[in-house]
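Below, each chain spelled out in residue letters.
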Amino acid sequence: GILIFAKHSTFCTNASTMMMSITTSSLSSRFGASVPSSSSFSSLRRHRHHDRGAIVIENAGKKSAFRLSNNKRKAKKMKQEEKEEVKRAFDGAGLSPEERVSGAKHKARRWLGQHFLIDHSVLIDAVGSADVKKEDVILEIGPGTGNLTAELLRTGCKVIAVEKDRNLAKNLGETLGKEYGEEELEIIEEDFMKWKDLDTKFVDLIEGSERRAKVVANIPYNITTDILKRLLPMGDTFEDLVFMFQEEVARRLATEERDEKMIENEQIKKKKKSNSDFRAMSVRTAYYSKSRYIRPVAKGCFDPPPNVESCLIGFKLKRKEDLLKINGTDKQFFTFVQSCFAQKRKMLKNNLRATCDAETIDLALEMLGRGEKVRPQELFMEDYVELFNFVREERKVEIEEKDEEDE
């Protein structure tokens, strides 16, 4: 027999052929409703009827496949339109990012971490997040082909670009250097980590001004930590840092959700949720700055594209007078913090054994009020300052200064 469903049903293709032999009158008498003749079955297959009690005959599989394919085409079209919109965002003042990269005739050196930004919207967001003004002095590390440099210069600010690659430094001088002149663009061919004039260069430039200098850069991922360690303590010189970072690294450093150490609630201090990505370097960035996540940056925004996802991240640096007071040097403090994270999966008390005796550890944990099973990533930057000051002041623990390991 043939089953016919009176509500939201579908005949299979084979059944529809057999249905041709059933008379219209017999079906009508059985269901009390008019049934279309065999000549109209083909048209019914192409339409979906949602009326209550109507017989539905269609090829659902083909229609679903068609809809899926159609949705993919629409998504592809929208994605292409978005790309075109990004390109149209470039106002035509000078070369486009793609033209600047191709015009440099430079083969990117991956061992130097060279991935040139070609998405104009990312360039605009980087400059906008740093709130670059005409009176600003900007340090750009690794300008490359000059895409970000050009966007910075359009604001009227002064840019000091430090470029290690000789060919790129020369190309930048022959293009943007000639267009803007040394008063607006100063190009220094130097490895930033070996550049000795960093301290004096910007102190002289901002002397007498209420505004501090800023750093906006698409830096190589392999030296992000080293660059941060050098710039973070310079809060009296630099006001804001905006960098391109690897997404995974940025998650460890963003402290915007950990700014407040505790929340007061009916005289009970409740700790905010800990961050499993919190590391020793996270403590450092939180001590010297307030970090913020700006936006994600897809691989296709670069030429050549990197193997990892990226993002823009910013750091508002604190002046020295605004830093929490510690009983010792900065280097001693961060050596101590590093020892607390020596084995991240272990409890804090086990890591503290490298620098403190058992009695000191017990008293320190009691002072923190976090329990003896607390782990390093569950504490906050302020906790580490309290802990360091306690073992130094109350227990007279000597902390040896060591070079921190790279993370």
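Residues numbered from 1 in each chain as written. Predicted model: local features only at pLDDT ≥ 70, side-chain atom pairs only at ≥ 80, totals over all residues. Heavy atoms only, no water.

**As for the packing of aromatic side chains**
So, point 1. A complete count under the given rule lists 13 aromatic pairs for this structure.
So, point 2. Taking 5.1 Å as the distance between ring centres and 75° as the angle between the ring planes, the aromatic pair formed by tyrosine 287 and tyrosine 288 counts as edge-to-face. For the pair tyrosine 287 and tyrosine 288, a shared accessibility class is recorded, and that class is buried.
So, point 3. Taking 5.5 Å as the distance between ring centres and 35° as the angle between the ring planes, the aromatic pair formed by phenylalanine 341 and tyrosine 384 counts as tilted. (Phe/Tyr/Trp six-rings, centres within 6.5 Å; stacked < 30°, edge-to-face > 60°. Buried < 20%, exposed > 50% of the residue type's maximum accessible area, 1.4 Å probe, protein only.)

**Overview of the packing of helix H12 (residues 280-288) against helix H13 (residues 330-340)**
So, point 1. It is the contact of H12 with H13, at a shortest axis distance of 9 Å, that shows an interaxial angle of 145°. Handedness of the H12/H13 crossing: right-handed. The segment H12 lies against H13, with Ala280, Val283, Arg284, Tyr287 and Tyr288 engaging Asp330, Phe333, Phe334, Val337 and Gln338.
So, point 2. Residues of the contact of H12 with H13, tallied by class, amount to 7 nonpolar, 1 polar and 2 charged. (Axes fitted to C-alpha atoms, helices over the stretch in contact; angles between N-to-C directions. Helix = DSSP H or I, 4+ residues; strand = E, 2+ residues; numbered from the N terminus. Left-handed = near helix turned anticlockwise from the far one by under 90°. Contact = heavy atoms within 4.5 Å. Nonpolar A, V, L, I, M, F, W, Y, C, P; charged D, E, K, R; others polar.)

**Here we look at the environment of alanine 169**
So, point 1. Summarising the element assignment, alanine 169 is placed in helix H8 (residues 166-180).
So, point 2. Residue classification places alanine 169 among the buried positions, given a relative accessible area of 8%.
So, point 3. The contacts of alanine 169, once residues within four sequence positions are left out, are Glu163, Ile187 and Glu189.

**Observations concerning the side chain of arginine 252**
So, point 1. Relative to the helices and strands, arginine 252 is located in helix H11 (residues 247-253).
So, point 2. Arginine 252 has contacts with Asp277, Arg279 and Ser282, leaving out every residue within four places of it along the chain.

**What to know about the pattern of salt bridges**
Any two side chains of opposite charge can pair if their charged atoms end up close together.
So, point 1. For the coordinates displayed, the defined rule picks out 13 salt bridges.
So, point 2. Residue glutamate 189 pairs with arginine 166 through a salt bridge whose shortest N-O separation is 3.4 Å. Of the two residues, glutamate 189 sits in strand S4 (residues 185-189) while arginine 166 sits in helix H8, which places them 23 residues apart along the sequence.
So, point 3. Ionic contacts of the salt-bridge type, sharing partners, join the residues Asp136, Arg211 and Lys214 into one network. (Salt bridge = Lys/Arg side-chain N within 4 Å of Asp/Glu carboxyl O.)

**Comments concerning the packing of H13 against helix H16 (residues 381-393)**
So, point 1. Here H13 crosses H16 at 105°, and the two axes come no closer than 10 Å. Taken together, the axis directions place H13 and H16 in an arrangement best described as roughly perpendicular. Residue-level contacts link Gln332, Phe333, Phe336, Val337 and Cys340 of H13 to Tyr384, Val385, Leu387, Phe388, Val391 and Arg392 of H16.
So, point 2. Across the contact of H13 with H16, the residue classes break down as 9 nonpolar, 1 polar and 1 charged. (Parallel < 35°, antiparallel > 145°, perpendicular 65-115°, else oblique.)

**Brief notes about H13**
So, point 1. For H13, the tally of buried residues reaches 9 of 11 residues, placing the bulk of the element in the interior.
So, point 2. Among the residues of H13, Gln332, Phe333, Phe334, Thr335, Phe336, Val337, Gln338, Ser339 and Cys340 are the ones counted as buried.
So, point 3. In this fold, the buried residues of H13 make contact with H12, helix H14 (348-352) and H16.

**So, the confidence of the model for the protein chain**
So, point 1. This prediction gives the protein chain a mean pLDDT of 79; 70% of its residues lie at or above 70.
So, point 2. Residue range residues 1-36 is modelled with pLDDT below 50. Its contacts to residues more than four positions away, or to other chains, number 47 contacts. (pLDDT = per-residue confidence, 0-100.)

**Brief notes about the pairing of strand S3 (residues 158-163)**
So, point 1. The element S3 is extensively covered by neighbouring structure, given that 6 of its 6 residues are classed as buried.
So, point 2. Side-chain alternation along S3 places Lys158, Ile160 and Val162 on one buried face and Val159, Ala161 and Glu163 on a second face that is also buried.
So, point 3. Here 5 bridges tie strand S2 (residues 137-141) to S3, and the two strands are oriented parallel to one another. Bridging across to S3, valine 137 finds its partner in lysine 158.
So, point 4. Since S2 and S3 lie parallel, the crossover through helix H7 (residues 147-153) that links them has a hand, and here it is right-handed.
So, point 5. Here S3 pairs with S4 via 5 bridges, running parallel. The partner of alanine 161 across the bridge, within S4, is isoleucine 187.
So, point 6. For the crossover that starts at S3, traverses H8 and ends in the parallel S4, the hand is right-handed. (Pairing = 2+ DSSP bridges. Right-handed = clockwise from strand over helix to strand, strands pointing away.)

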